[in-house]
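As a plain string of letters, each chain reads:
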Amino acid sequence: MASSLTVVIGRVLLGLYFLIPGLMKVAGSAGTIAYMQGHGIPFAQPLMWFAAGVNIIGGLFLISGRHTKFVAYGFVVYILMVNFLLHDFWNMEGDGVAHETQNFIKNLGILAGLLVLAGSSSVRNLSLVGWWRSDRSVLTKRPDF
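Remember, predicted model here, so these are calculated numbers, not experimental data.

## Concerning the nonpolar core
Next up, step 1: Judged by nonpolar contacts, the single largest core of 23 residues is most densely connected at Phe-18, Leu-62, Phe-75, Tyr-78, Ile-79 and Leu-114.
Next up, step 2: Where this core is concerned, the elements lending two or more residues are helix 1 (4–27), helix 2 (29–38), helix 3 (44–64), helix 4 (68–86) and helix 5 (96–120).
Next up, step 3: Among the elements that line this core, the one with the most residues is helix 4, at 8 residues.
Next up, step 4: When near neighbours in sequence (up to four residues on either side) are disregarded, Phe-18 contacts Asn-55, Gly-59, Phe-75, Tyr-78, Ile-79, Ile-110 and Leu-114.

And the structure:
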């Protein structure tokens, strides 16, 4: 079984993988919206803002160890959607094929890490009560001061 330090480091790195691009979506929203529109995504602007929010909030939740199992599974769905809607290398020609194939495969690796994290995390009830406390403190019934 993996040490808790290894799991924490992996969880934080996965959280950063979503947090930083979420912040970049906010900073460069026009470019992200144009990229989505270029792939024929309807309602690109509201979906981009939704994706940015999910990336930022979900990334922060992973980093801080809040609702880890739920967030990890949510990001699995997110990655599948991104892969099939935005990294559709099978619909491309030329130089973009290799780049999008690499992004697609890289995302499968991230997805694998999220599945391992979700599988090694305990289930936590979804509730607004104590949402700020870490999964560890809630699941072990210890106060989080």
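## Re a nonpolar patch on the surface
Next up, step 1: On the surface, Leu-5, Ile-9, Leu-13, Leu-16, Ile-20 and Met-24 cluster together into a nonpolar patch covering about 590 Å² of accessible area.
Next up, step 2: Along the chain, the position of Leu-13 falls in helix 1.

## As for unusual backbone geometry
Next up, step 1: Despite not being glycine, Phe-43 has its phi angle at roughly 55°, a positive value.
Next up, step 2: Looking at where Phe-43 falls in the secondary structure, it is placed in the loop between helix 2 and helix 3.
Next up, step 3: Take Phe-43: its relative accessible area is 65%, and that puts it in the exposed class.
Next up, step 4: Positive phi outside glycine occurs at His-67, with the angle close to 50°.
Next up, step 5: Position of His-67 relative to the elements: it lies in the loop between helix 3 and helix 4.
Next up, step 6: Of the residues examined, His-67 reaches a relative accessible area of 7% and is grouped as buried.

Procedures and definitions
Residues numbered from 1 in each chain as written. Predicted model: local features only at pLDDT ≥ 70, side-chain atom pairs only at ≥ 80, totals over all residues. Heavy atoms only, no water. Core = buried A, V, L, I, M, F, W, Y, C linked by side-chain atoms within 4.5 Å. Buried < 20%, exposed > 50% of the residue type's maximum accessible area, 1.4 Å probe, protein only. Helix = DSSP H or I, 4+ residues; strand = E, 2+ residues; numbered from the N terminus. Contact = heavy atoms within 4.5 Å. Patch = residues over 30% accessible without salt bridge, like charges linked within 9 Å, V, L, I, M, F, W, Y side chains within 5 Å. Areas by Shrake-Rupley, 256 points an atom, 1.4 Å probe, with all protein chains shown as cover. Salt bridge = Lys/Arg side-chain N within 4 Å of Asp/Glu carboxyl O.

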